[in-house]
Amino acid sequence: MDPAIHPEMGNTRPGDHQAVVTVPFTRSARLLVRRPLLLVGALMVCLQLPSGCRTPGGAGRDSLVGGEALGLTPAASYAVQQSLRKGAGSLTAADLERVTLLHELPAEVTDLDLACLARLPALERLTLNRPRVASSGWAQLSKLPALRTLSLLELDQPVDGYRWIGRLRRLESLHLQSCAGVNDDVMHVVANLSHLRGLSLQAPMVGPDGIAHLVDRTNLRSLGLVGTNFTDQVMAQVVRMPKLTSLALHFTSLSETGLARVGELKALEHLVLNFTPVTEEGLKDLVGKLPHLNRLELDWPWLSDAGLQAVAAQAPLQTFRFMNEYVVSNSVLRVEPLKRDWAYRYR
């Protein structure tokens, strides 16, 4: 998953004992406390498990929290689900205070749900897909002191319905995908987020003026842009962000000249070009101008194996992914031909 387009869920800090598990989510967070059986939808919960949790096999807390922080652990999932059901070791208010991640909440999330989320003081990362929340209801999110990452998908709000974003002072990563009403004025609001480091946009009404708001008032490190409205004029503003280390361009309308300007971002380490037109010579020249580039992801099928290998030779890439195949993996250049059948390219 591309971090510039889908902000990363983050990692646990040293000393944390956490596991990501899958449990149901109620239509109202109030029922999460009172009636755990009335749960619908699905969410991802990053929860520090109480030391008393046990699995049928007798495994204790240490076995439940091992492995990768974002890996689904069946034992941990079982332990939490049992805590939610039948009152056996059920989650207490103290347990809920440890919840740090809610992901893929159901579409019918309402104002009441957001009000109940304020009971989760440790919540750091939140994803909402097509929520049915009035403009006034979003103010509840400002009551979450630990919120760092917010993803909104297919939100339908008027332009002035996004002013609440400016009150999320500690927000570090924001993802806006297909949200009606997001335009240049909303970018002016986003620019007030002084701690913002990652932003991804699929917003047809955002143009050069909107990106210009971000240049002067943010310190972005990661930027993702999706859509044909992102043109050479937009890129002229993007290159004024010298601290960018990650840039993702998806289905943009950049010309060869506009794409070449990416080479002005000398701090860039990670570049994604997804169906953004590029030639072999143009790509080779661009990669050669980025001294710190170590990861390149490319979805543009009209390139030859020889051209791709020439691009890989231009920089010490650790990873070079082309149409879901790796030209370079762990700094090792692939020598056998890539698959070229048309169906494979678009699967």
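Preceding this section is the structure that the text describes.
If you're wondering where the values come from, they're calculated on a predicted model, not measured in any experiment.

Q: Go over the overall build of the protein, please, and point to the residues and values.
A: Assigned secondary structure in the protein consists of 12 helices and 14 strands. Buried positions account for 50% of the 347 residues belonging to the protein. For the protein, long-range pairs separated by at least 24 residues make up 58% of all intrachain contacts whose partners lie at least 6 apart in sequence. Of the roughly 15,900 Å² that the protein leaves accessible, carbon and sulfur atoms contribute 51%.

Q: Give me the pairing of strand 13 (residues 325-329): which residues, what numbers.
A: Pairing geometry for strand 12 (residues 319-322) and strand 13, over 4 bridges, is antiparallel. Bridge assignment links Phe-320 to a residue of strand 13, and that residue is Val-328. Linking two consecutive strands that pair antiparallel, namely strand 12 and strand 13, is a turn of 2 residues; a positive phi of about 50° is found at Met-323 within it. Of the pairings in the sheet, the one linking strand 13 to strand 14 (residues 332-333) comprises 2 bridges and is antiparallel in character. Looking at strand 14, one finds that Val-328 is bridged to Leu-333. Connecting strand 13 to the antiparallel partner strand 14 that follows it, the hairpin turn spans 2 residues, and Asn-330 within it adopts a positive phi of roughly 55°.

Q: So what's going on with the environment of Leu-249? Which residues, and what values?
A: One can find Leu-249 in strand 9 (residues 246-250). With 49 residues separating them along the chain, Leu-249 and Ser-200 place their C-alpha atoms 9.9 Å apart. Beyond its immediate chain neighbours, meaning those up to four positions away, Leu-249 contacts Leu-225, Met-235, Leu-254, Leu-259, Val-262, Val-272, Leu-273, Asn-274 and Thr-276.

Q: Go over the packing of aromatic side chains with me, naming the residues and quoting the values.
A: Under the criterion given, the structure shown has 4 aromatic pairs. An aromatic cluster of at least three residues, connected via ring pairs, comprises Phe-251, Phe-275, Trp-300 and Trp-302.

Q: Give a detailed account of unusual backbone geometry, specifying residues and quantitative values.
A: Phi is positive for Ser-178, which is not a glycine, with a value near 55°. Its place among the elements puts Ser-178 in the loop between strand 6 (173-177) and helix 6 (184-190).

Q: I'd like a description of the pairing of strand 12, backed by residues and values.
A: Neither face of strand 12 is left uncovered, since the one carrying Thr-319 and Arg-321 and the one carrying Phe-320 and Phe-322 both have all their residues buried. With 4 bridges joining them, strand 11 (residues 295-299) and strand 12 adopt parallel strand pairing. From the neighbouring strand, Leu-298 faces strand 12, where its bridge partner is Phe-322. In this view, the connection linking strand 11 to its parallel neighbour strand 12 by way of helix 11 (residues 305-312) has right-handed handedness.

Q: Explain the pattern of salt bridges to me, and be specific about the residues and the numbers.
A: Per the counting criterion, the structure on display carries 9 salt bridges. Here Glu-297 and Arg-295 are joined by a salt bridge, their closest N and O atoms 2.9 Å apart. For Glu-297, a relative accessible area of 7% puts it in the buried group. A residue is classified by how much of its surface remains accessible, and Arg-295, at 32% relative accessible area, is partly exposed. Here Arg-321 ties to Asp-299 by a salt bridge, and the two come within 3.4 Å at their closest N and O atoms.

Q: Hey, could you go over the packing of helix 10 (residues 280-288) against helix 11 for me, with residue numbers and the actual values?
A: The contact between helix 10 and helix 11 brings their axes to 9 Å, and the two run at 10°. By the angle between their directions, the pair helix 10 and helix 11 is classed as roughly parallel. Considering only the axes of helix 10 and helix 11, their crossing is right-handed. Facing Glu-280, Leu-283, Lys-284 and Val-287 of helix 10, the residues of helix 11 in contact are Gly-307, Ala-310 and Val-311. In terms of residue class, the contact of helix 10 with helix 11 is built from 4 nonpolar, 1 polar and 2 charged.

Criteria and cut-off values
Residues numbered from 1 in each chain as written. Predicted model: local features only at pLDDT ≥ 70, side-chain atom pairs only at ≥ 80, totals over all residues. Heavy atoms only, no water. Helix = DSSP H or I, 4+ residues; strand = E, 2+ residues; numbered from the N terminus. Buried < 20%, exposed > 50% of the residue type's maximum accessible area, 1.4 Å probe, protein only. Contact = heavy atoms within 4.5 Å. Areas by Shrake-Rupley, 256 points an atom, 1.4 Å probe, with all protein chains shown as cover. Pairing = 2+ DSSP bridges. Phe/Tyr/Trp six-rings, centres within 6.5 Å; stacked < 30°, edge-to-face > 60°. Right-handed = clockwise from strand over helix to strand, strands pointing away. Salt bridge = Lys/Arg side-chain N within 4 Å of Asp/Glu carboxyl O. Axes fitted to C-alpha atoms, helices over the stretch in contact; angles between N-to-C directions. Parallel < 35°, antiparallel > 145°, perpendicular 65-115°, else oblique. Left-handed = near helix turned anticlockwise from the far one by under 90°. Nonpolar A, V, L, I, M, F, W, Y, C, P; charged D, E, K, R; others polar.

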